[in-house]
Amino acid sequence: MNPKLKEVALVFFKLGCFAFGGPAAHIAMMEDEIIEKRKWMTRDYFLDLIGTTNLIPGPNSTEMTMHCGFERAGKSGLFVAGIAFIFPATIITALLAYLYVKYGQLPEVEPFIYGIKPAVLAIIASAILKLSKKAIKSIELIILGLLVLSASLLGINEVIALLFAGVVGMLYFYLKSKTATHLNSISPILMCLGINSIVAKVSAGKLFLIFLKVGAILYGSGYVLFAYLDAELVTTGLLSRAELIDAIAIGQFTPGPVLSTSTFIGYQLSGFTGALAATTGIFLPSFLFVLLLNPFIPRMRKSIILRYFLDSVNVAAVAVMIAVLLIMAKETLIEWQSIVIALIAIFITFKTTISTIWTIVIGAVLGYILITLAP
């Protein structure tokens, strides 16, 4: 195997095994592995990737792995990175689906997840600090970032906030510079799939189409995924709501993207072939979107007006990460155990050179100790 491809595979497989905490945490771990340790690209360009990834459908952190793989090892790197990142979650979820179908319940992992959540807060905070130093280039961008932060905390859809920030920032800086340039880049082509809901017997092919549709139009968090799958599966009678809730829970407490939920549901409905079909369907659009978009990012940076757009979207993306951090902290730091774990994780993250992956492991162990063993 090409040495760069092997490196890409190993890095993202490792991240796929330990990437808990949602897209903000995944991106923070990528920043540590790719920018700090390996210096595959500049932090400015990494920010550009975050900004543009937020504007297309699909799981943001998974698409970031694809972008990073592309930058390191070309088109092959894009596919290797994405598959390596998705693979651990898919295998773990498939195993849990098998146990769930056979025994009717999920294994007890809550103590470990309890410890991972506060540890993740420190990792996200560290990434925000580093990325904000590059994203904040003027007072105007600070103001724009604060507006996006306020909008996010008020519950406004993050994609709408990012697009609004990008357009407003682009127009403002363009008018300020009074420098007219021709728009010399092409927008990525968006998929429009008209696949009808399926109420007949579930085959692997039908599952593939259902999840392909969801993957092509999915924006936002796991809660949005829940709404889409509820409409496609529960209302059509293919799955009970209780089964869907269990599937979403699996996606939340396994490492990697929450879209591994698809593997669990696919297995429930059509065995291992269903799991494979559902997983392929939901992730395939992301590979295609990134393949179409990535070559245009450097061109966007060369265009003055689109550079203003990217700068504005980038600071907005950092603001969204701050909003995620604040919301997660409010939901997580409610007991002394979680506060202790968070403080230890902050010390490890900011005062030592210990890897973010080990921070996750330490958090999980501390969670188990403090919840199950402490009096």
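Located above this text is the structure these notes cover.
Residues numbered from 1 in each chain as written. Predicted model: local features only at pLDDT ≥ 70, side-chain atom pairs only at ≥ 80, totals over all residues. Heavy atoms only, no water.

Draft legend 1. Geometry of the packing of helix H5 (residues 110-135) against helix H14 (residues 336-351). Orientation of H5 relative to H14, taken along the N-to-C sense of each, is 40 degrees, at an axis distance of 8 Å. With respect to H14, the axis of H5 lies oblique. Between H5 and H14 the crossing geometry is right-handed. Side by side, H5 and H14 meet where Tyr114, Gly115, Pro118, Ala119, Ala122, Ile123, Ala125, Ser126 and Leu129 of the first sit next to Gln337, Ser338, Ile341, Ala342, Ala345, Ile346, Thr349 and Phe350 of the second. Looking at the contact of H5 with H14, its residues break down into 12 nonpolar, five polar and no charged. (Axes fitted to C-alpha atoms, helices over the stretch in contact; angles between N-to-C directions. Helix = DSSP H or I, 4+ residues; strand = E, 2+ residues; numbered from the N terminus. Parallel < 35°, antiparallel > 145°, perpendicular 65-115°, else oblique. Left-handed = near helix turned anticlockwise from the far one by under 90°. Contact = heavy atoms within 4.5 Å. Nonpolar A, V, L, I, M, F, W, Y, C, P; charged D, E, K, R; others polar.)

Draft legend 2. The arrangement of the pattern of salt bridges in detail. Taken as a whole and judged by the stated rule, the model has 11 salt bridges. Between Glu31 and Arg43 there is a salt bridge, with the nearest N and O atoms lying 2.5 Å from each other. Placement of Glu31 in helix H2 (residues 23-37) and of Arg43 in helix H3 (residues 43-53) is noted, with a sequence separation of 12 residues between them. Take Glu31 and Arg43: they sit in the same class, and that class is buried. Here Lys176 ties to Glu140 by a salt bridge, and the two come within 2.7 Å at their closest N and O atoms. Taken as a pair, Lys176 in helix H7 (residues 158-177) and Glu140 in helix H6 (residues 139-153) lie far apart in primary sequence, 36 residues in all. Here the salt bridges do not stand alone but share partners, grouping Lys14, Glu33, Lys37 and Arg38 into one network. (Salt bridge = Lys/Arg side-chain N within 4 Å of Asp/Glu carboxyl O. Buried < 20%, exposed > 50% of the residue type's maximum accessible area, 1.4 Å probe, protein only.)

Draft legend 3. The packing of aromatic side chains, seen in detail. Per the counting criterion, the structure on display carries seven aromatic pairs. Geometrically, the ring pair formed by Phe13 and Phe87 is tilted, given 6.5 Å between the ring centres and 35 degrees between the ring planes. Of the two residues, Phe13 sits in helix H1 (residues 3-18) while Phe87 sits in helix H4 (residues 60-103), which places them 74 residues apart along the sequence. The class of Phe87 is partly exposed, set by a relative accessible area of 45%. On the numbers, 5.1 Å between centres and 55 degrees between planes, the contact of Tyr100 with Phe264 is tilted. Of the two residues, Tyr100 is situated in helix H4 and Phe264 in helix H11 (residues 261-293); the sequence distance between them amounts to 164 residues. Comparing Tyr100 with Phe264 shows no difference in burial state: the two are buried. Ring pairs connect the aromatic residues Tyr172, Phe173 and Tyr308, which therefore count as one cluster. (Phe/Tyr/Trp six-rings, centres within 6.5 Å; stacked < 30°, edge-to-face > 60°.)

Draft legend 4. Inspection of the side chain of Thr53 at higher detail. Position of Thr53 relative to the elements: it lies in helix H3. Judged by relative accessible area, which is 0%, Thr53 ranks as buried. Within polar-contact distance, the side chain of Thr53 engages the side chain of His67 at 3.5 Å. (Polar contact = N/O pair within 3.5 Å; in protein donor to acceptor, adjacent residues only side chain to side chain.)

Draft legend 5. Summary view of the packing of H1 against H2. In contact at an axis separation of 11 Å, H1 and H2 are set at 150 degrees when each is read in the N-to-C sense. Between H1 and H2, the angle is such that the two are roughly antiparallel. Handedness of the H1/H2 crossing: right-handed. Where H1 approaches H2, its residues Val11, Phe12, Lys14, Leu15 and Phe18 are matched on the opposing element by Met29, Met30, Glu33 and Ile34. Class assignment for the residues of the contact of H1 with H2 results in seven nonpolar, no polar and two charged.

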